[in-house]
Amino acid sequence: MKAAVYTQYGIPEVLQLKEVAKPIPKDNEVLLRIKATAVNSGDVRLRKADPFAVRLFFGLLRPRVNILGSVFSGEVESAGKLVNRFKAGDQVFGHTNMNFGAYAEYISLPEDGSLALKPTGISHHEAAAIPFGGVTALHFFKKTIIKQNQKVLIVGASGAVGSAAVQLAKSYGAIVTAVCSTSNIDWVRSIGADKVIDYAKEDFTKNGEVYDLIFDSVNTISIPRTLKSLAKSGTMILSAAGMSDMLQGLWISMTSKKKVLTGVISHDRGDILFLKELIEKNKLMPVVDRTYTLEQIVEAHAYVERGHKRGNIAITIK
Ligand SMILES: NC(=O)c1ccc[n+]([C@@H]2O[C@H](COP(=O)([O-])OP(=O)(O)OC[C@H]3O[C@@H](n4cnc5c(N)ncnc54)[C@H](OP(=O)(O)O)[C@@H]3O)[C@@H](O)[C@H]2O)c1
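The present account deals with the structure reproduced in this document. (Residues numbered from 1 in each chain as written. Predicted model: local features only at pLDDT ≥ 70, side-chain atom pairs only at ≥ 80, totals over all residues. Heavy atoms only, no water.)

Pairs of aromatic rings are described using the distance from one ring centre to the other and the angle between the two planes. Per the stated rule, a full pass over the model turns up 5 aromatic pairs. Where F140 meets F215, the ring centres are 6.1 Å apart and the plane angle is 75°; that geometry is what we call edge-to-face. Of this pair, F140 sits in helix α4 (residues 131-141) while F215 sits in strand β11 (residues 211-216), and the two are 75 residues apart along the sequence. No difference in accessibility class separates F140 from F215, as the two residues are buried. Both rings, one in F141 and one in Y172, keep their centres 5.8 Å apart while their planes meet at 80°; by these two values the pair is edge-to-face. Of this pair, F141 sits in helix α4 while Y172 sits in the loop between α5 (160-171) and β9 (175-180), and the two are 31 residues apart along the sequence. With relative accessibility at 3%, the residue F141 sits in the buried group. One aromatic cluster is present, formed by F140, F141, Y172 and F215 through successive ring pairs. (Phe/Tyr/Trp six-rings, centres within 6.5 Å; stacked < 30°, edge-to-face > 60°. Helix = DSSP H or I, 4+ residues; strand = E, 2+ residues; numbered from the N terminus. Buried < 20%, exposed > 50% of the residue type's maximum accessible area, 1.4 Å probe, protein only.)

This is the structure:
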């Protein structure tokens, strides 16, 4: 089968289209013909081994996982004899977790992994744009409680995680303020933000507003300054936190009523099913900035690495 393979860390060009062996599913697995995947910030981090800690988990000198891509949408080609949930022909979407492997024509996945039937009414490339931001925002929101009319601020609202966070917070009934660049203001409003702050013109830590929840998806805030904008028992989510942010967050959580959530996300089948239902109720919409083919994977990575994408970059696989 065709796959985008990388055997060394580095620039986008380390990704090369190659013929590799088609996976053979185990008895509890489905073999999926992937129709679309997406290039996410996580793929770029792994490709570049940035931060260095990537090497500790994925290979010190060269990557142990050679096919990136953590999200997919496609069709079940065959199912192992112990599989009950899916059958050949089912259209499914989901997240491979840390196994990656979705930049390829085929992947085999355990039936109880993070996958579900594709939401009705959306295409494969739209479905592939849901899981990365969706499960990340959901992971953190599940660790807190968002009540109706609570004030939520999302920094990085135009990214994959931020745009999912805006829509999920709205689905819980929150009043959402989004922080983004000038060019994204109207678009961020169109996905549900009630108020928008242009970070080039206004510093939200200086406007006197206090929020019940502040979600920084891009790691651009100063934690000490932002604390003043957080309600007394408020929650701060730092989905892109580095080690020093994590330690600061731990200290704040231990010494005050404010709670700071950081760390690596986890997810399961229930989360993908939850996202599917939100889509089918029109409470979550896939946001696709650009679509590339697998043959254009280098171009797609170069675009994502610039850090200005709006939502997601889908990759179609023919
Ligand atoms: N904890 C975990 O397990 C986990 C899981 C998934 C992702 N993450 C991390 O979460 C981070 C975000 O991921 P992502 O995929 O959402 O990134 P992304 O899609 O690449 O988001 C970048 C977006 O942020 C905007 N932006 C840049 N500077 C900004 C600023 N100063 N203020 C507000 N917005 C700004 C960019 O638009 P403009 O440049 O136009 O502003 C762009 O739309 C990454 O660091 C990723 O590694 C962590």
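Compared with the 18 Å implied by 1.5 Å per residue over 13 residues, the 19 Å span of helix α8 (residues 243-255) between its first and last C-alpha is a close match. Of all the residues in α8, the buried ones are D245, G249 and I252. Within α8, the buried residues cover an arc of 65° as seen down the axis, which keeps them to one side. α8 presents M243, L247, L250, W251 and M254 as exposed residues on the side facing more than 90 degrees away from its buried surface. Those residues of α8 that are buried are in contact with α7 (223-227), β12 (230-238) and β13 (259-261). (Expected span 1.5 Å × (residues − 1). Arc of directions from axis to C-beta. Contact = heavy atoms within 4.5 Å.)

A few words on the environment of K151. By secondary structure assignment, the location of K151 is in strand β8 (residues 151-155). Judged by its relative accessible area of 27%, K151 is partly exposed. In this structure, the C-alpha to C-alpha distance between K151 and A174, residues 23 residues apart in sequence, is 6.0 Å. Those residues in contact with K151 that sit more than four places away from it in its chain are I175, E209, V210, Y211, D212 and L213. At 3.3 Å, the side chain of K151 forms a polar contact with the backbone oxygen of V210. (Polar contact = N/O pair within 3.5 Å; in protein donor to acceptor, adjacent residues only side chain to side chain.)

Turning our attention to the pattern of salt bridges. Taken as a whole, this structure holds 16 salt bridges when the rule is applied. A salt bridge links R33 to E105; the shortest N-O distance between them is 4.0 Å. Of the two residues, R33 sits in strand β3 (residues 29-39) while E105 sits in the loop between β5 (91-95) and β6 (106-110), which places them 72 residues apart along the sequence. By the burial criterion, R33 is buried, and E105 matches it. Here D194 ties to K170 by a salt bridge, and the two come within 3.0 Å at their closest N and O atoms. Of this pair, D194 sits in the loop between α6 (185-190) and β10 (195-198) while K170 sits in helix α5, and the two are 24 residues apart along the sequence. A residue is classified by how much of its surface remains accessible, and D194, at 36% relative accessible area, is partly exposed. The structure contains a network of salt bridges with shared partners spanning R47, K48, D50 and E305. (Salt bridge = Lys/Arg side-chain N within 4 Å of Asp/Glu carboxyl O.)

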